[in-house]
Amino acid sequence: MKRPLSRLIASAERRARYRRTRDEIARLSRDLGISPQDAADLAHRAVRGH
């Protein structure tokens, strides 16, 4: 089992990756041909693998 601090750090890193990915997808949404509202869902899938 991971130590609580390690889990907290891993969670913060995932959240930061999610925000960067979401923001990048939102910026590129027109070029990618997707709705900007889909950026959050796509970022979640990319970071969490769901």
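All of these numbers come straight from a predicted model, not from anything done at the bench.

(A) The arrangement of the packing of helix 1 (residues 4-32) against helix 2 (residues 39-48) in detail. It is the contact of helix 1 with helix 2, at a shortest axis distance of 8 Å, that shows an interaxial angle of 135 degrees. By the criterion of interaxial angle, the relationship of helix 1 to helix 2 is oblique. Between helix 1 and helix 2 lies a crossing of right-handed hand. The residues of helix 2 that touch helix 1, namely those facing R14, R17, Y18, T21, R22, I25 and A26, are A39, A40, L42, A43, H44, A46, V47 and R48. Its residues assigned to classes, the contact of helix 1 with helix 2 comprises nine nonpolar, two polar and four charged.

(B) Quick peek at helix 1. With 29 residues, helix 1 should reach 42 Å at 1.5 Å per residue; the first-to-last C-alpha distance of 39 Å fits that figure. In the core, the buried residues of helix 1 are packed alongside helix 2. Residue G33 follows helix 1 closely and has a positive phi angle near 75 degrees.

(C) Region of interest: the pattern of salt bridges. Taken as a whole and assessed by the stated rule, the structure comprises three salt bridges. A salt bridge links E24 to R27, with the nearest nitrogen and oxygen atoms 2.6 Å apart. Taken together, the positions of E24 and R27, both in helix 1 and three residues apart, correspond to about one turn of that helix. Here E24 falls in the partly exposed class, since its relative accessible area comes to 37%. Given a relative accessible area of 58%, R27 falls into the exposed group.

Quick notes on the rules
Residues numbered from 1 in each chain as written. Predicted model: local features only at pLDDT ≥ 70, side-chain atom pairs only at ≥ 80, totals over all residues. Heavy atoms only, no water. Axes fitted to C-alpha atoms, helices over the stretch in contact; angles between N-to-C directions. Helix = DSSP H or I, 4+ residues; strand = E, 2+ residues; numbered from the N terminus. Parallel < 35°, antiparallel > 145°, perpendicular 65-115°, else oblique. Left-handed = near helix turned anticlockwise from the far one by under 90°. Contact = heavy atoms within 4.5 Å. Nonpolar A, V, L, I, M, F, W, Y, C, P; charged D, E, K, R; others polar. Expected span 1.5 Å × (residues − 1). Salt bridge = Lys/Arg side-chain N within 4 Å of Asp/Glu carboxyl O. Buried < 20%, exposed > 50% of the residue type's maximum accessible area, 1.4 Å probe, protein only.

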